[in-house]
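Here's the letter readout for the chains.
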Amino acid sequence: MMKAVVHDNYGTPEEFYIKEIPKPKCGDDEVLIRIKATSVNPLDRHILKGVLPARPVTGFFKPKNKVLGADFSGIIEAVGKNVIRFNSGDEVFGANGSRTGLGAFAEYIAVNVNNIALKPSNISFEEAAAVPIAALTALQGICLGKVQEGHKVLVNGSSGGVGTYTVQLVKVLGAEVTAVCNHKNVNMVRSLGADTVINYNNEDYTKNGEFYHVIIDNVGNKIVEENRKILNMKGHYILIGFTSLKLLFRFMFQSLWINRRSRQTYKMLDMEINSNDLEYLAKLMEEGKIVSVIDRYYSLAQMKEAMNYMIQGRARGKVVIRVS
């Protein structure tokens, strides 16, 4: 048996409670991991809330999988008979998607080997647990935007989990970063390598007279027409986060028209968990080229507080849960 944070119904973090449930068993292509740390993501919030687009996967009336949590780091306790890349005792990190059951808000998790990578020895379990969903999203968003050395890249929403990794990964590629955040996070974002930081409390980034090769939008709080004005003729706009379904649907319809009639491209990221990208991120962390920005630490018993804090949208970087 193991302890897990469970929710029986869709709703708010008040649905969470600690429960003893059976420890999972690993399949032939899986490993069983004793979780040392996990972190909260907007993905967990959306599934907990029961947003309609997700219900065909998560359950129409009640959640199919009652344990949330995508990100994790920990120690392998057992391996399936087909696993040759990992051994018991290996320190690893990774993520489990909504289609494969999540399950990281617990003491143990069984996951496919394609969802994990070895944790660098110079990185803590907490730092590693902050990486998977946020950094994979940042990396794949940058790749989708075809960011190259010398490009001018604008990152809207640069102080959250995805944003802090985006700023650093863009700099790894040798591009110039303009980061958008609130006044409280200007110095922090600049310390991550941003060349220019725009305080959205005082300035509208769509009206500063600059043009960008790529816009990585983690907020989605502007209509398409506003972003088109500052995007180069052959620029790429990548939508990662959104503030309302109304703006999202507007983007989806307008992007179809723009992508057919313009040399600009507008895409929404569909992030994929894979070991190749995790291994690349592990290498960058080991070399000190990217770091995890962690706002607060909580225990598994404090999951309500951790999720509520993340939902407020004020976290600088990631909110991490120490499990064991």
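Residues numbered from 1 in each chain as written. Predicted model: local features only at pLDDT ≥ 70, side-chain atom pairs only at ≥ 80, totals over all residues. Heavy atoms only, no water.

**Some remarks on the packing of helix 1 (residues 42-49) against helix 10 (residues 303-311)**
Relative to each other, helix 1 and helix 10 sit at 105°, their axes nearing to 10 Å. The orientation of helix 1 with respect to helix 10, classified from their angle, is roughly perpendicular. Residues Pro-42, Asp-44, Arg-45 and Leu-48 of helix 1 touch helix 10, and the partners they reach there are Met-307, Met-310 and Ile-311. (Axes fitted to C-alpha atoms, helices over the stretch in contact; angles between N-to-C directions. Helix = DSSP H or I, 4+ residues; strand = E, 2+ residues; numbered from the N terminus. Parallel < 35°, antiparallel > 145°, perpendicular 65-115°, else oblique. Contact = heavy atoms within 4.5 Å.)

**Notes on unusual backbone geometry**
In the Ramachandran plot, Lys-146 falls in the positive-phi region, its phi being about 55° despite a non-glycine side chain. The topology assignment puts Lys-146 in the loop between helix 4 (132-144) and strand 8 (152-156).

**A look at the pattern of salt bridges**
Counted under the stated rule, the structure contains 14 salt bridges. The partner of Arg-322 in a salt bridge is Glu-126, with the nearest N and O atoms 3.2 Å apart. Residue Arg-322 is located in strand 15 (residues 318-322), and its partner Glu-126 is located in helix 3 (residues 125-129); the two are separated by 196 residues in the primary sequence. We classify Arg-322 as partly exposed; its relative accessible area is 41%. Look at Glu-126 and you get buried, because its relative accessible area is 18%. For Glu-287, the salt bridge identified is with Lys-289, shortest N-O distance 3.3 Å. The class for Glu-287 is partly exposed, based on a relative accessible area of 41%. Residue class for Lys-289 comes out partly exposed when judged on its relative accessible area of 47%. When salt bridges with common partners are traced through the structure, they connect Lys-283, Glu-287 and Lys-289 into a single cluster. (Salt bridge = Lys/Arg side-chain N within 4 Å of Asp/Glu carboxyl O. Buried < 20%, exposed > 50% of the residue type's maximum accessible area, 1.4 Å probe, protein only.)

**What to know about the packing of aromatic side chains**
With the rule as written, the count across this model stands at two aromatic pairs. Plain terms: the ring middles of Phe-16 and Phe-105 are 6.5 Å apart, the flat faces sit at 90° to each other, and that makes the pair edge-to-face. Of this pair, Phe-16 sits in the loop between strand 1 (2-6) and strand 2 (17-21) while Phe-105 sits in the loop between strand 5 (91-95) and strand 6 (108-112), and the two are 89 residues apart along the sequence. Phe-16 sits in the buried class, given a relative accessible area of 4%. Above the plane of the ring of Tyr-212 lies Lys-152, whose end atom (NZ or CZ) is 5.8 Å from the centre. Positioned above the aromatic ring of Tyr-297, the side-chain terminus of Arg-322 is 4.0 Å from the ring centre. (Phe/Tyr/Trp six-rings, centres within 6.5 Å; stacked < 30°, edge-to-face > 60°. Lys NZ or Arg CZ within 6 Å of the ring centre and 35° of its normal.)

**Remarks on helix 9 (residues 275-286)**
Since the α-helix turns once every 3.6 residues, residues separated by three or four places project in the same direction. End to end, helix 9 covers 16 Å across twelve residues, agreeing with the expected 16 Å (1.5 Å per residue, within 8%). If you check which residues of helix 9 are buried, you get Ser-275, Leu-278, Leu-281, Ala-282, Leu-284 and Met-285. Elements that come into contact with the buried residues of helix 9 comprise strand 5, strand 7 (116-118), helix 3, helix 4 and helix 5 (161-172). The distance from a side-chain oxygen at the start of helix 9 to the backbone nitrogen of Asn-276 is 3.3 Å, and the residue carrying that oxygen is Asn-274. One or two positions beyond helix 9, positive phi appears at Gly-288, with a value near 75°. (Expected span 1.5 Å × (residues − 1). Polar contact = N/O pair within 3.5 Å; in protein donor to acceptor, adjacent residues only side chain to side chain.)

**Some details on the layout of surface pockets**
In this structure, the second largest pocket encloses a volume near 240 Å³. Forming the boundary of the second largest pocket are 20 residues, of which Gly-101, Leu-102, Gly-103, Ile-109 and Ala-110 lie nearest the centre. In terms of residue count, strand 6 provides more of the lining of the second largest pocket than any other element does, five residues in total. Residues that form the lining of the second largest pocket fall into these classes: eleven nonpolar, seven polar and two charged. (1 Å grid on protein atoms, 1.4 Å probe; cavity = no way out; pocket = protein on both sides within 12 Å on 5 of 7 lines; lining within 4 Å. Points joined across faces, edges and corners; volume = space filled by probe spheres on them. Nonpolar A, V, L, I, M, F, W, Y, C, P; charged D, E, K, R; others polar.)

Distances and angles like these do not, on their own, reveal function.
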